[in-house]
Every structure is written in C-alpha cells, then in structure tokens.
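If you want the building blocks of each chain, they are given just below.
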Amino acid sequence: LAEAEIMKERFARLLLGEDMSGGAKGVSTALALSNAITNLSASVFGNLWKLEPLATSRRRMWKREMNWLVSVTDYIVELVPTWQTFPDGSSVEIMVANPRPDLQINLPALRKLDMMLLDCLESFQTPEFWYVDQEHMVCCKDKAPNRPSVSKHEGKWWLPVPKVPPSGLSDEAKKALLHQKESTSQIFKAAMAINSQILSEMEVPDAYLEALPKNGKAILGDLYRYLSSDEFSADAVLGVLDVSSEHSAVELANRIEAAIHVWQHKLQNKQTQPASKDNKFNARNSWVMVKEFVADAEKKEVLVDRAEGLLHSLRQKFPGLPQTLLDMQKIQFNKDVGQSILESYSRVLESLSFNITARIDGVLNADEVARSSS
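For the chain, an unreviewed UniProt entry supplies the name PRONE domain-containing protein and the organism Selaginella moellendorffii.

And the structure:
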C-alpha cells in the first residue's frame, strides 16, 4: 500500500510537469522524467563516499522507482509498414507497431551496466581497508609531521580518507580491486558513449542557435590561430592552452561547440543560397565567385573537423567533464521522452561509475603509500 501511494505521488508529479499547483506552468514530460531520474540518483547515490554495499532500502528504492520511470518506454513504438496476406490470397499494406530501435538497443545495455555497478558495490562486503574522517587524519599528521598524506581530496573536507594495514593490502585484495577498477572504467566508457550518442541525436534548440555570435573566429580568440595552423595537433593545442581546471575545460568546450555550430550554420546557408539573378556578372566574375565560395566552404569544413577533434581530445583528457551549455539546453528543450530517459539514465550511470573508480583509486593510492612507507 505504501509503495502504491509513492508511485501515485511520483506519477502525479510527472503528469503535472512538477508544477504541483496545477497551474499549467509545468515542464515538458521529457524534462520531468529526466529530472526525476536525476533526483532519484542523487537521493540513492549522492552520499556514496565509501566503497561499501548499498543499503538494502536504497537498493530496493533505486530498482523499484527506476522500473516505474523506465516503464514508459514499453509504450514508445514506431509504426512500420508491412503487408498482410488474407486467406483468399489478397494482401493489404498495414502499419505495425514495433519497439523503437534506439530504446530496444540501448535500454537493455543500460540495465546491464546498472546491475554490474550494484554488484560491484556488493563485492565490498568485508574489505581489508577502512575509512577515517579527515579531521582524524589532521590530528595524526600533527603528531607525525613527516608522515605522507594519503588523501587525494584536498579541499573536499567531507570525504572520508581510505586507510589500509601498515604493510598494505594483500596481493589477492589488490588484484580484486584492480579488477573492479577495470570493470568500472569499462562501464564508464560504455555509459559515456551511449550518452554522447543520444545527445548528438537531440536537436539543437533554436534558442541556442539564436544566441550564438555571428563570427566563429571571435568566439575562439587566440584558439582560432591554432585551429587554422598548417601544423595543427589537438594534443599540442591542449598542451599550450590553460585547461588545468575543470572550470576552464568546460569554458573551452563551450567556445568550441559554439564555433562549430556557427560554421556549420554558415555552410548550410551557403548550400541553400539561391543563385544570383543579376545578369551584370559575366562568366569570369561568376567563376571567381564560385572559386571563392568553394575555398571558403572547404576552409570552414576543415575548421569544423579540427574543432570536433579538439573537443574529443578535451573530453578524453577530462573524462568527468560536466555538461556543456549546449548539452544543458538540449536536455532542457528536448521533447522526445525516449531520448530523455536514455540520456538521463546513461548520465547517472556514467557519474556513478566515475565515482566508484575514483574511490578505488583512493584505496590503491593509500596502498602505495603504505607499501612505500613500510
């Protein structure tokens, strides 16, 4: 009975577009579902600061409510024409409802990744490591000032610090940790690939395009000089630019995406531009105009390819890079419920796998410090 009441409340929020006043000020169904999955993930995994099994109540909550939210996809279909033959030999073309291909392929994959991550957390039932608060570590450090710090979370005072035995982890435990790290890294890559694919298929909002500057060169500033260089290399450019922080990386990604869409918009406009009806132009002038048009189009295509390559390298360098301005606007204005579910589901799994990998790295780092000290 309690679960039924919770389900009624959840779906009431979705149907009202999160506007509980019923005043028709709610968001779209797609955005409401996206927010619901994001908020559920934050409630269940928001305090995942340690490598330990998920509490039974939280695990049940996650599975139960995700099943409710994802159940919408059971009724998302596409109509496909097919021929139906009758006993008398006559046939007629009818439309048959089939599951949508993107949901049929990606949703089972996401469910599998989800189960693997939960099983990964369950594997830490009796670990050889434990955690202490950073305040306790500060006290210990004051007593032993020459002892090296094992924390990689400087500035994040709320994160507990992993501790291992003085001689380090056993070989078996370390091997198991490395295996789990490899597994979660592969899950992260798979979830990120699905998320990137879904975001690339979402329509670019008109509001984003209308707010773009008219000149891609002005958006990039000094970066334009690197992109247009004959000796362009994405890795070399990232080595020169200041992308030492996550904030600067997001700002750079926003500029690159904006320039890409400005150039692509200009290329589309030139391709659809009607031919000039002015008869004053002779054949020679027309040929010059054609050559200039082709040269400019080829240059913009090269710049777009290089900018996309640079953006790809930037995302590889910062695998946990937050959403860009374009990503956020795509999610906000997207009306496709299926895409919204796939995007939010893959995004929360991407975040969860990234956090688990970071926690494993913390324990492995503590193990290396203990081994070197002993």
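Let's pick the thread back up.
Visitor: Looking at this structure, how should I read the pairing of strand β2 (residues 91-99)?
Guide: Along any regular strand, the residues point their side chains to alternate faces of the sheet. Relative to β2, strand β1 (residues 77-85) runs antiparallel, the two sharing nine bridges. Paired with Thr-85 across the strands is Ser-91, a residue of β2. The hairpin formed by β1 and β2 contains five residues between the paired strands, and Gly-89 there has a positive phi angle of roughly 95 degrees.

Visitor: Explain the packing of helix α6 (residues 171-201) against helix α14 (residues 337-373) here, please?
Guide: Between two packed helices, the angle of one axis relative to the other and the distance separating the axes together describe the packing. Following both chains from N to C, one finds α6 and α14 inclined at 155 degrees, their axes separated by 8 Å at the closest point. Taken together, α6 and α14 sit at an angle that is classed as roughly antiparallel. Classified by chirality, the crossing of α14 by α6 is left-handed.

Visitor: What exactly am I supposed to notice about the packing of aromatic side chains here?
Guide: All chains considered together, the criterion is met by five aromatic pairs. Summarising the aromatic geometry, the rings of Phe-45 and Trp-62 are spaced 4.9 Å apart at their centres and angled 70 degrees between planes, so their arrangement reads as edge-to-face. Here Trp-62 lies in helix α3 (residues 56-70) and Phe-45 lies in helix α2 (residues 29-45), a separation of 17 residues in the sequence. On the basis of an interplanar angle of 55 degrees and a centroid distance of 6.4 Å, the ring pair of Tyr-224 and Trp-263 is categorised as tilted. You can see Tyr-224 sitting in helix α9 (residues 223-227) and its partner Trp-263 sitting in helix α11 (residues 246-272), a full 39 residues away along the chain.

Visitor: Looking at this model, I keep getting lost on the nonpolar core. Mind explaining?
Guide: Considering soluble globular proteins, one finds that nonpolar side chains tend to be buried as a cluster. Leu-51, Trp-62, Phe-129, Leu-177, Tyr-345, Ile-356 and Val-363 are the most contacted members of the largest nonpolar core, which has 51 residues in total. At 13 residues, the largest contribution of residues to this core is made by α14. The next biggest cluster of nonpolar side chains, apart from the first, holds 24 residues, and it includes Ala-249, Ala-259, Leu-310 and Leu-311.

How each quantity is defined
What you see as residue numbers is a count from 1 along each chain, following the sequence as written. Reporting in this predicted model follows two pLDDT cut-offs: at least 70 for local features of residues, and 80 or more for side-chain atom pairs to be given and counted; totals over whole chains, interfaces and linings ignore these cut-offs and use all residues. Side-chain figures throughout are based on the complete set of non-hydrogen atoms in the structure, without hydrogens or water. Here, any two strands with at least 2 DSSP bridges between them count as paired. A helix here means a DSSP run of H or I that spans at least four residues, while a strand means a run of E at least two residues long, and both kinds are numbered starting from the N terminus. Lines fitted to the C-alpha atoms define the axes, with helices restricted to the stretch that makes contact. Angles between their N-to-C directions range from 0 to 180 degrees. For this classification, under 35 degrees means roughly parallel, over 145 means roughly antiparallel, 65 to 115 means roughly perpendicular, and everything else is oblique. In this scheme the crossing of two helices becomes right-handed for a clockwise turn of the near helix relative to the far one and left-handed for an anticlockwise turn of less than a right angle. Whether two aromatic rings pair depends on their centres lying within 6.5 Å, for rings of Phe, Tyr and Trp, where Trp uses its six-membered ring; planes under 30 degrees apart make the pair stacked, over 60 edge-to-face, and the rest tilted. The term nonpolar core refers to a set of buried residues drawn from Ala, Val, Leu, Ile, Met, Phe, Trp, Tyr and Cys, joined through side-chain atoms within 4.5 Å. Each residue is placed in one exposure class: buried if its accessible area under a 1.4 Å probe, protein chains only, is under 20% of its type's maximum, exposed if it is over 50%, and partly exposed if it falls in between.

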